[in-house]
Amino acid sequence: MAVRRLGQILVDLGFISDEQLVLLLEEQEAQAEHQPLGKIAEDMNLITDDQLAQALAEQLHMQVISLDDVSIAPDLLRRITEPMAQLYKVIPVSYEEDHNQLTVATCEPQNLSTQDELRQFLGYDVKTVVATERDIQKTLDRYYSEDSESFEGLVRDLEGDNDLAKAAAALEGDGPIDITDAEALADSAPVRKLLNMVLLMAIKDHASDIHFEPFEEEFRIRIKADGVLFEMVPPPRHLAFAITTRIKVMANLDIAERRMPQDGRIELTVGGHPVDLRVSVLPTMFGESVVMRLLDRSVVSLNIEKVGMGDATLKEFRQVMHKPNGIVLVTGPTGSGKTTTLYSALSELNSVNEKLITTEDPVEYDIEGIIQIPIDADIGNTFAICLRAILRQDPDVILVGEIRDLETGEIAIQASLTGHLVFSTLHTNDAPSTITRLKDMGIPTFMISATVEAILAQRLVRRVCSQCRQEHEPSKDALFLLELKEEELAGRKFFKGAGCENCNGTGYKGRIGIFELMIMNDDIRSMIMQNTSTDELREEARKFGMTPLRDAGLQLAFDGLTTLDEVLRETVVD
């Protein structure tokens, strides 16, 4: 049956007139990001939140509920953890054990994926009823306060669960396991709840990795956010097998195989946006170590102006981006934001007039208008093979995820010589040392000199939290190690975060890039041909305006965006 449009329902119920509906539709069309019509009507004070809830329930054939009239028992409340309730804006209303059906109230019933996501996370059949946004928020504040279930509380409950401990103990050891028992343990409510809470907390904090590490006496969980690992309260040691098995089930890995490394992938939709989890399982002395890399595409802003480049560096990089051919390399360690920078550049170049093709391992961001090819070495689909095929697809701009070997490097050079602009990445400490790395691969010096147009080295430093930012005096050790003289510090103020709820007490929230851009010119090309040392290349690049990584970091510290400690941590003295 066709779903009636919400605007017509509002008119039919007498909440707005036909003229007001036309006005609402025009307002919705004028907005850059289309908001739901009901939300616009409420913001314009044409309807109340009670009327919106009634109209949504009418549209989706659901029941309207007043949460003021509902008393939620503690055992019902525990079926949805606080992070999940806050993220999805849902309240558990009732549970039918016979049908394993959980009824939840929501103010966004039109978001049909919520039911599927909750069903996937919780393992219940989920039924939805409608409540007002005011009602939902008031109930969240009332029931999910500081006294509600925390991660620490959940861990305490699991430590006292003897049945779970016995079931886990029966499956421990190196011998053969009963697959049915292992799956039942991994699918048990406490294990699901613990893993769900870890995942949701990591996603909420915009973490990049989650580490599950088994040791002889404990099972450690650490989350990496803003490039730094933070340890959570460790769950009971006997749950290590159950948690790793649950992850392997979600990633479609072989739960019976515990002696070989395995790699997998979990695709989730959390709060209406896709989250891609790359899973790596590694056997250790005391069980399997699991690392999950989180790729939350919704939190990444692919805008070259927002990655943190200074105005002069950004202007020069833009000029390089628009060259007709050549190679542009971005270098730095894993997790330094290389892919984000390159994708930001591709997003700006992405137009109807240009054909852009990428080959990556794996594809991290999905951009409409760009042909993206995932690498799969297991079936022989390597960077070199893909790159050869790409050249027959008539591209204008090519992104090669990484130049890992001589073969890939040679094909990238051939592509640049035949009129293509090629972007790629390498793992080197700074821009000038990239030349040495290419030579070490076996790429001829004259080829490097002829094709490389620019090398961008980058790092990520943590931003000072804006909500607890305060002035502070940097330590003498930091000033000494950074070789800062008193005359350079005259009149300058430095800031750091005191630690607050917004930044989880760290004093930092988010990260910003520091960049070192080496543009090739005739003098530098001539020095490369003469096999000049990296130090001499660096000095020459500085003469032509290259800002070293450390100087770029110091400028951010002088601007109050980061701290001297962060600059020290991420950069090295030349």
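Position labels on residues start from 1 in each chain and follow its written sequence. At least 70 in pLDDT is required for a residue's local features to be given in this predicted model, at least 80 for side-chain atom pairs to be given and counted, and no such filter applies to totals for whole chains, interfaces and linings, which use all residues. Heavy atoms throughout the structure, all of them, feed into the side-chain values; hydrogens and water do not.

An unreviewed UniProt entry annotates the chain as Bacterial type II secretion system protein E domain-containing protein of Bremerella alba. UniProt positions are given in the numbering used here, feature names are shortened, and annotations may be inferred rather than shown by experiment. In the Sequence similarities (unreviewed entry) part of its UniProt record, the chain is described as follows: "Belongs to the GSP E family."

### Concerning the pattern of salt bridges
Think of a salt bridge as a Lys or Arg side-chain nitrogen and an Asp or Glu carboxyl oxygen that are within 4 Å of each other. This structure, assessed with the given rule, holds 29 salt bridges. Its salt-bridge partner being E218, residue R220 comes within 3.5 Å of it at the nearest N-O pair. With a relative accessible area of 27%, E218 lands in the partly exposed category. Where R388 meets E407, a salt bridge forms, and the shortest distance between an N and an O atom there is 3.1 Å. Highlighted residues: R388 in helix α16 (residues 383–390) and E407 in helix α17 (residues 406–417), separated in sequence by 19 residues. Burial classes follow relative accessibility: with a 1.4 Å probe on protein chains only, a residue under 20% of its type's maximum area counts as buried, one over 50% as exposed, and anything between as partly exposed. Given a relative accessible area of 40%, R388 falls into the partly exposed group. In this text, helices come from DSSP runs of H or I with a minimum length of four residues, and strands from runs of E with a minimum of two, each type numbered from the N-terminal end.

### As for the side chain of Q458
Turning to its location among the elements, Q458 is positioned in strand β15 (residues 452–464). Here T341 takes part through its side chain, which lies 2.7 Å from a polar atom of the side chain of Q458. If we ignore the near neighbours within four places in the chain, the residues touching Q458 are V330, T331, G332, P333, S336, G337, K338, T341, I514, F515 and L549. Each polar contact in these results corresponds to two N or O atoms within 3.5 Å; when the atoms are within protein, one needs to be able to donate a hydrogen and the other to accept it, and residues that are neighboring in sequence are counted only if both atoms are side-chain atoms. Working rule for contacts: check all heavy atoms of both residues, and any pair within 4.5 Å makes them a contact.

### Some thoughts on the environment of K485
Position of K485 among the secondary structure elements: in the loop between α20 (476–481) and α21 (486–489). The exposure class assigned to K485 is partly exposed, which follows from its relative accessible area of 48%. It is 55 Å that separates the C-alpha atoms of K485 and E159, two residues lying 326 residues apart in sequence.

### Digging into the UniProt feature "domain: Bacterial type II secretion system protein E" (unreviewed entry) in the chain
When the UniProt feature table is mapped onto this chain, "domain: Bacterial type II secretion system protein E" (unreviewed entry) is found at residues 391–405. The straight-line gap between the two end C-alpha atoms of residues 391–405 is 18 Å; of that span, 0% is helix and 27% is strand.

### A short note on the packing of aromatic side chains
Two rings belonging to Phe, Tyr or Trp (six-membered ring only in the last case) form a pair when the distance between their centres is within 6.5 Å. Interplanar angles under 30 degrees mark stacking, angles over 60 mark edge-to-face geometry, and anything in between is tilted. Scanning the entire structure with this criterion turns up three aromatic pairs. Taken together, a centroid distance of 6.4 Å and an interplanar angle of 25° make the contact between F212 and F219 stacked. According to the relative accessible area criterion, F212 is buried, its value standing at 1%. The lysine or arginine in question, R79, covers the ring of Y95, its NZ or CZ lying 3.8 Å from the ring centre. Charge-over-ring contacts are defined here by two conditions on Lys NZ or Arg CZ: a distance within 6 Å of the ring centre and an angle within 35 degrees of the ring normal. When the ring centre of F495 is taken as origin, the NZ or CZ atom of R469, which lies over that ring, is 3.9 Å away.

### Considering the sheet that holds strand β1 (residues 90–96)
Think of it this way: DSSP has to see at least two bridges between two strands before they count as a pair. The strand order across the open sheet built from three strands is β1-β2-β3, with neighbouring strands paired in mixed fashion. Because the sheet does not close on itself, it has two edges, and the strands there are β1 and β3 (125–130). Averaged over all adjacent pairs, the angle separating strand axes in this sheet is 30°, with direction ignored. Pairing geometry for β1 and strand β2 (residues 101–106), over six bridges, is antiparallel. The angle between two axes is taken between their N-to-C directions and runs from 0 to 180 degrees, where each axis is a line fitted to C-alpha atoms and a helix contributes only its stretch in contact.

### Concerning helix α7 (residues 113–122)
Among all positions in α7, only T114, E117, L118, F121 and L122 are buried. For α7, the angular spread of buried residues about the axis comes to 110°, placing them on one side. A positive backbone phi angle near 85° is found at G123, which sits one or two residues after α7. Each C-beta atom gives one direction from the helix axis, and the arc is the one those directions make.

### Quick notes on the packing of α7 against helix α12 (residues 189–204)
It is the contact of α7 with α12, at a shortest axis distance of 9 Å, that shows an interaxial angle of 125°. Here α12 runs oblique to α7, going by the angle between their axes. Taking contact as the criterion, the partners of Q120, F121 and L122 in α7 are, on α12, R192, N196, L199 and L200. Gly counts as polar in this scheme, as do all residues outside two lists: the nonpolar Ala, Val, Leu, Ile, Met, Phe, Trp, Tyr, Cys and Pro, and the charged Asp, Glu, Lys and Arg. Of the residues that constitute the contact of α7 with α12, the class distribution is four nonpolar, two polar and one charged. Geometric relationships in this document are graded by angle, where less than 35 degrees denotes roughly parallel, more than 145 denotes roughly antiparallel, 65 to 115 denotes roughly perpendicular, and other angles denote oblique.

### Quick word on α16
Taken together, the buried positions of α16 are F383, A384, C386, L387 and I390. An end-on view of α16 places all buried positions within 165° of arc, on one side of the element. Looking at the buried side of α16, the elements it contacts are β11 (356–360), β12 (371–374), β13 (397–400) and α17.

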